[in-house]
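Structure at a glance
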Amino acid sequence: MTVPNFETTIGLEVHIELKTQSKAMSPAPAEYGAQPNQKTNVIDWGYPGVLPQANQGALEYGMMAATALHASVTRDLHWDRKNYFYPDNPKAYQITQQETPIGREGWLEIEVDGEKKRVGITELHVEEDAGKNTHGTDGYSYVDLNRQGTPLIEIVGAPDLHSPEEAYAYLEALREAIQFTGISDVKMQEGSMRVDANISIRPVGSDQYGTKVELKNLNSFNYVRKGLAFEEERQAKIYLAGGTVRQQTRRYDEATGGTILMREKETADDYRYFPEPDLAPIKVSDEWVDEVAQRLPKSAPERRAHYVGTLGLEPYDAKVLTQTLAMSDFFDATVAAGANPKRAANYLMGDVNAYLNEKQVDLEDTQLTPAHLAAMINLIEDGTISTKMAKRVFTAITEGKDPIAFVEEKGLKQLSDPKDLQPIIDQVLDANEQSVIDFHGGKDRAVGYLIGQIMKVTHGNANPSVVNQLLMTALQARKPE
């Protein structure tokens, strides 16, 4: 909650790793989860005499991000060196776009407590990531350079946010917008989305911003919200006590819920930026920008509008289906394969999500396919299988089996033809004359008993709706005189 008598100003800097096959300036693979230092080459290690080569795919992903965030794409680019020494950066500099960012002046719309607001994005630039420095419990520190050189986009938000809740909403909107470009999986737990937050407070009515404090490397949206709320109160207490807030870099401490000083804040001069001498400038043509923009998938809002307006889904269902690009794409492909949209949505939100949670896997890492799910749904729709049988069929398609072949192999087809069912119903009624008498005596439970007997004879394969219709007609025909 915003502190009384003070106005909060927040700007977020978000680093997002790009899903290119190779790194930003070297041919080493850009993969997550490998053994330390196995996905590197001499460029990543900063060997003398090696030269970088800019990844065209990373630059195009930057254009896609800029377009998705309503930013203008810069036409004349050059790379810059950002100089700093740290153990996980063997070159002692980072290649970035300080002077000519790939995108400028974008925006995102957020909604907090029912009120919509447009938040500015100052710039986006493509750069390379540093490695990972880990401090072990054995007293040693370890450097893993697998991440060194991984392409990033840094998205610098305008100072338009005025509460931790707005910051949280902005991050959710940003993650959705980037995820639906397909350029990143934006998984904070894997470090592919990282947040730095700048926050200052000032007395209400003041035209001067307060001193800015940076919260570094926040690894969950909830920690961003909690860290900012703590900083609001900490800075307010300092001002109210007559003190001065110092420009610092701090980190959020999960154990205490507070922030801890890391260092006094650097300025841009400390990084000694200058144009990268080993990479030529880049001219971005209008045709190149248009061609890259054509590759952008439909955004989440566009998809939700289509699901509700064209496919007739409920707004809640549309929102759930667009929580991830993979889920939305899977749904689209399932409907394209001929599945009923509502039933497809129900299966994805229900059985499929339950399966993913149980197995702790992502949809794209399973053997499920839209074609198999659509075929199973059509088997339900045309009465070939019941929803009860569909549970066995669903298990089969999670194992990559064809649903039609599985139903044939296991004999799961429903008996729906009256010519096949009528003799069975007559047989059951002949064997249960007392139940017929009970039915005509007003005992409704007799119907349930008779249906149970029919299902027993058919091993559960009889179509319940057809059975019920034929049974009621047969019972009426046997009305005692």
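In the nomenclature of an unreviewed UniProt entry, the protein corresponds to Aspartyl/glutamyl-tRNA(Asn/Gln) amidotransferase subunit B from the organism Weissella halotolerans DSM 20190. Looking at the Subunit (unreviewed entry) heading of the UniProt record, one finds this comment for the protein: "Heterotrimer of A, B and C subunits." Recorded in UniProt under Sequence similarities (unreviewed entry), the annotation for the protein is "Belongs to the GatB/GatE family. GatB subfamily."

With respect to the nonpolar core
Ranked by size, the top nonpolar core spans 58 residues in total, and within it Leu 12, Ile 155, Tyr 170 and Ile 178 carry the most contacts. Looking at this core element by element, the count peaks at eight residues for helix H3 (residues 164–179). If near-sequence neighbours (up to four positions away) are discounted, Tyr 170 is found in contact with Leu 12, Leu 108, Ile 110, Val 119, Ile 121, Ile 155, Gly 157 and Leu 161. Core analysis: the next-biggest nonpolar cluster, separate from the first, contains 34 residues, Tyr 347, Ile 380, Ala 396 and Ile 397 among them.

Focus on the UniProt feature "domain: Asn/Gln amidotransferase" (unreviewed entry) in the protein
Within this numbering scheme, the UniProt entry marks residues 329–475 as carrying the feature "domain: Asn/Gln amidotransferase" (unreviewed entry). The annotated region residues 329–475 carries 72% helix and 0% strand content, and the separation between its end C-alpha atoms amounts to 49 Å.

Considering the packing of helix H11 (residues 387–398) against helix H12 (residues 403–410)
Where H11 contacts H12, the two axes come as close as 10 Å, and the packing angle between them is 125°. Considered as vectors, H11 and H12 are oriented oblique to each other. The handedness of the crossing between H11 and H12 is right-handed. Packed against H11, whose contacting residues are Arg 392, Val 393, Ala 396 and Ile 397, the element H12 presents Pro 403, Phe 406, Val 407 and Lys 410 at the interface. For the contact of H11 with H12, the residue count by class is six nonpolar, no polar and two charged.

What to know about the pattern of salt bridges
Counted by the stated rule, this structure contains 29 salt bridges. Measuring nitrogen to oxygen at the nearest pair gives 3.3 Å for the salt bridge that ties Lys 23 to Asp 44. Here Lys 23, found in the loop between strand S1 (6–17) and helix H1 (42–45), pairs with Asp 44, found in helix H1; they are 21 residues apart in sequence, far enough to count as distant. Taking relative accessible area as the criterion, Asp 44 reaches 4% and is therefore assigned buried. Between Asp 76 and Lys 283 there is a salt bridge whose closest N-O contact spans 3.1 Å.

Focus on the sheet that holds strand S6 (residues 103–112)
If you trace the nine strands from one edge of the open sheet to the other, you get S2-S6-S7-S10-S1-S11-S12-S13-S14, paired in mixed fashion. Of all strands in the sheet, those bounded by a partner on one side alone are strand S2 (72–73) and strand S14 (258–264). Taken together, the six bridges between strand S13 (residues 248–253) and S14 define a ladder with antiparallel strand orientation. Bridge pairing links Gln 248 to Glu 264 in S14.

Digging into helix H13 (residues 418–431)
Over its 14 residues, H13 runs 20 Å from end to end, which matches the ideal 20 Å to within 8%, given 1.5 Å per residue. Elements that come into contact with the buried residues of H13 comprise helix H14 (433–440), helix H15 (445–457) and helix H16 (464–477).

Side note on H16
Taking 1.5 Å of rise per residue, the 14 residues of H16 would be expected to cover 20 Å, and the 20 Å separating its terminal C-alpha atoms lies within 8% of that figure. Where the residues of H16 are buried, they touch H13, H14 and H15.

Brief notes about the sheet that holds strand S15 (residues 274–275)
If you trace the three strands from one edge of the open sheet to the other, you get S5-S4-S15, paired in antiparallel fashion. Here the strands that pair on one side only, and so sit at the sheet edges, are strand S5 (93–96) and S15. The pairing of strand S4 (residues 80–83) with S5 spans four bridges and is classified as antiparallel. Residue pairing for S5: Asp 80 is matched across the bridge by Thr 96.

Let's talk about the environment of Arg 118
Following the sequence through the fold, Arg 118 ends up in strand S7 (residues 115–128). The class for Arg 118 is exposed, based on a relative accessible area of 51%. Between the alpha carbons of Arg 118 and Asp 160 there is a distance of 8.5 Å; along the sequence they are 42 residues apart. Excluding its chain neighbours within four sequence positions, the residues that come into contact with Arg 118 are Trp 107, Leu 108 and Glu 109.

Digging into the pairing of S7
In the sheet, S6 pairs with S7 via nine bridges, with the strands oriented antiparallel. Across the sheet, residue Val 112 finds its bridge partner in S7, namely Glu 115. Here S7 runs beside strand S10 (residues 151–157); their pairing, made up of seven bridges, is antiparallel. Residue pairing for S10: Ile 121 is matched across the bridge by Gly 157.

The rules behind these values
Residues numbered from 1 in each chain as written. Predicted model: local features only at pLDDT ≥ 70, side-chain atom pairs only at ≥ 80, totals over all residues. Heavy atoms only, no water. UniProt positions renumbered as here; feature names shortened; annotations may be inferred. Core = buried A, V, L, I, M, F, W, Y, C linked by side-chain atoms within 4.5 Å. Buried < 20%, exposed > 50% of the residue type's maximum accessible area, 1.4 Å probe, protein only. Helix = DSSP H or I, 4+ residues; strand = E, 2+ residues; numbered from the N terminus. Contact = heavy atoms within 4.5 Å. Axes fitted to C-alpha atoms, helices over the stretch in contact; angles between N-to-C directions. Parallel < 35°, antiparallel > 145°, perpendicular 65-115°, else oblique. Left-handed = near helix turned anticlockwise from the far one by under 90°. Nonpolar A, V, L, I, M, F, W, Y, C, P; charged D, E, K, R; others polar. Salt bridge = Lys/Arg side-chain N within 4 Å of Asp/Glu carboxyl O. Pairing = 2+ DSSP bridges. Expected span 1.5 Å × (residues − 1).

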